[in-house]
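Next come the chains, spelled out residue by residue.
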Amino acid sequence: MTQLPRSFSLSFEVNRARTQGQAIVALESTVITHGLPAPQNLELAADMEQAVRDEGAIPATVAVLDGKIHIGLGMDEVQRVASAESPRKISLRDFATALVKDEIGGTTVAGTIFAAHQAGIQVFATGGIGGVHREKEGQAQFDISTDLQALAQIPMIVVCAGAKSILDLDATLEYLETLGVPVVGYGTDKFPEFFSAGEKRAVSVQLDSPQDVVKFARRHWEIGMKSAVLVCQPVPADAAMKASEAEEAERQADDEARKKGIRGQALTPFLLKRVNELTKGKSMRANLALLKNNATLAGKIAAQMALESHKRVI
Ligand code: PSU
Ligand code: MN
């Protein structure tokens, strides 16, 4: 196993799992630092870790603290990340900044899959990926999440609930196609829209079991592809919102962001908070349910992968 650069710090448990070929699921931490308010952020972090464990896999929450990129956090460390004063949101460009300034930071989808891949982890769970933001009238604005670039470059199974319809979803899917990233619908042939199941846009392939996802990813990488496999699972039906209700709140939040001049890294956190206020908490309920559901599926996929690797060795 390759030696990691000195800025990485693996937890004892993750390091052991890695050397023993046990199933591991990486988890992001921007959802803890910027995506959810306290105390839901801390509860959610613990719930996602538990959901992964329930499937027989080891959770590896990624975050920056004490001048290191941590892969696998103890509960005391999760607590520090969740209650940090002004944590940095860490995508690919931001690691070195947080490291040299000795800041606490939550890693985005891009940041987390980068770090997890360095440690040899192949499965990751999140809520929604970043994407192409809508063009704003009268503003020469251009905002495409680094997540898309990272998905193009990092071989990882990324389990998500699609992307929020506040993004330009048509452009986001086109861009994923351009970058050569397969978009898998898990148990659906439609691209899920985060708060709602999604019924408008097609995925590139439908797969219905963890076994099939593992088989697909192995083929994808075996032939020499380097990109991620994006597995999109719809929000659980009992927590889903009506697409029209979610879209209306998101549109209003987006209008307000434009008027207030909120942009760049601050945009997604603002939209999430505002949509939650406008929907009187319904959006957060959906958000929490889909995050846990994705951790469970990622746990199943990682467990299946580990099982097959053992069989290969024997
Ligand atoms: N979408 C959500 N909640 C989130 C995020 C996205 O519904 O918390 C976070 C993820 O960490 C994602 C990041 O990687 O926002 C994307 O931010 P940006 O658009 O600035 O790249
Ligand atoms: Mn952005």
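For the structure itself, look to the data block above.
Anyway, here's the lowdown on the structure attached to this text. These numbers come from a predicted model, not from an experiment.

1. Topic: the packing of aromatic side chains
Next, step 1: Per the counting criterion, the structure on display carries 2 aromatic pairs.
Next, step 2: Ring centres of F95 and F114 lie 5.6 Å apart, and the angle between their planes is 50°; this geometry places the pair in the tilted category. Linking F95 in helix α5 (residues 95-100) with F114 in helix α6 (residues 109-118), this pair joins segments that are 19 residues apart in sequence.
Next, step 3: Residue F95 is classed as buried on the basis of its relative accessible area, which comes to 6%.
Next, step 4: Residue F114 is classed as partly exposed on the basis of its relative accessible area of 29%.
Next, step 5: Centre to centre, the rings of F194 and F195 are 4.7 Å apart; their planes meet at 80°, and the pair counts as edge-to-face.

2. Regarding the nonpolar core
Next, step 1: With 105 residues, the main nonpolar core has I129, L151 and L230 as its most contacted residues.
Next, step 2: No other element matches helix α12 (residues 282-313), which puts 12 residues into this core.
Next, step 3: Every residue in contact with L230, bar those within four places of it in the chain, is listed here: I129, L151, V158, C160, L176, V181, P182, V183 and V184.

3. Considerations on the site of ligand 1
Next, step 1: Close contacts around ligand 1 come from 14 residues, with E28, K89, V109, S145 and D147 the closest.
Next, step 2: Residue E28 places a side-chain N or O atom 2.8 Å away from an oxygen atom belonging to ligand 1.
Next, step 3: In this structure, an oxygen atom belonging to ligand 1 sits 2.7 Å away from a side-chain N or O atom of S145.
Next, step 4: For ligand 1, the accessible surface in isolation is 470 Å², of which the surrounding protein chains cover 93%.
Next, step 5: Elements with a contribution of two residues or more to the shell around ligand 1: α2 (30-35) and α11 (267-278).
Next, step 6: The biggest single contributor to the shell around ligand 1 is α2, with 3 residues.
Next, step 7: Residue composition of the shell around ligand 1, grouped by class: 4 nonpolar, 6 polar and 4 charged.

4. Comments concerning the pairing of strand β11 (residues 229-232)
Next, step 1: Of the two faces of β11, both are covered, the one formed by V229 and V231 as well as the one formed by L230 and C232.
Next, step 2: As judged from the 4 bridges shared by strand β8 (residues 157-160) and β11, these two strands associate in the parallel manner. Bridged to V159 within β11 is V231.
Next, step 3: Here strand β9 (residues 183-186) pairs with β11 via 3 bridges, running parallel. Looking at the pairing, G185 lines up with C232 of β11.

5. A look at the environment of R6
Next, step 1: Residue position: R6 is located in the segment before β1 (8-10).
Next, step 2: Along the chain, R6 and A60 lie 54 residues apart, while their C-alpha atoms are 18 Å from each other.

6. Considerations on the packing of helix α10 (residues 243-260) against α11
Next, step 1: At a minimum axis separation of 9 Å, α10 and α11 run at an interaxial angle of 130°. The orientation of α10 with respect to α11, classified from their angle, is oblique. Crossing of α10 over α11 shows right-handed handedness. Of α11, the residues touching α10 (which contributes A249, E250, Q252, A253, D254, E256, A257 and K260) are L267, F270, L271, R274, V275 and L278.
Next, step 2: When the residues that make up the contact of α10 with α11 are grouped by side-chain class, the tally is 8 nonpolar, 1 polar and 5 charged.

7. Things to note about unusual backbone geometry
Next, step 1: The step from A38 to P39 runs through a cis peptide bond, and the omega angle for that step is 0°.
Next, step 2: With respect to the secondary-structure elements, P39 resides in the loop between α2 and α3 (40-54).
Next, step 3: Located in the positive-phi region is D66, a residue other than glycine, with phi close to 55°.
Next, step 4: Assignment of secondary structure puts D66 in the loop between β3 (58-65) and β4 (68-71).
Next, step 5: Note on D66: relative accessible area 45%, which makes it partly exposed.
Next, step 6: Backbone geometry places F194, a non-glycine residue, at a positive phi of 70°.
Next, step 7: By secondary structure assignment, the location of F194 is in the loop between β9 and β10 (205-207).

Cut-offs applied
Residues numbered from 1 in each chain as written. Chains lettered and ligands numbered in written order. Predicted model: local features only at pLDDT ≥ 70, side-chain atom pairs only at ≥ 80, totals over all residues. Heavy atoms only, no water. Phe/Tyr/Trp six-rings, centres within 6.5 Å; stacked < 30°, edge-to-face > 60°. Helix = DSSP H or I, 4+ residues; strand = E, 2+ residues; numbered from the N terminus. Buried < 20%, exposed > 50% of the residue type's maximum accessible area, 1.4 Å probe, protein only. Core = buried A, V, L, I, M, F, W, Y, C linked by side-chain atoms within 4.5 Å. Contact = heavy atoms within 4.5 Å. Near = heavy atom within 4 Å. Polar contact = N/O pair within 3.5 Å; in protein donor to acceptor, adjacent residues only side chain to side chain. Areas by Shrake-Rupley, 256 points an atom, 1.4 Å probe, with all protein chains shown as cover. Nonpolar A, V, L, I, M, F, W, Y, C, P; charged D, E, K, R; others polar. Pairing = 2+ DSSP bridges. Axes fitted to C-alpha atoms, helices over the stretch in contact; angles between N-to-C directions. Parallel < 35°, antiparallel > 145°, perpendicular 65-115°, else oblique. Left-handed = near helix turned anticlockwise from the far one by under 90°.

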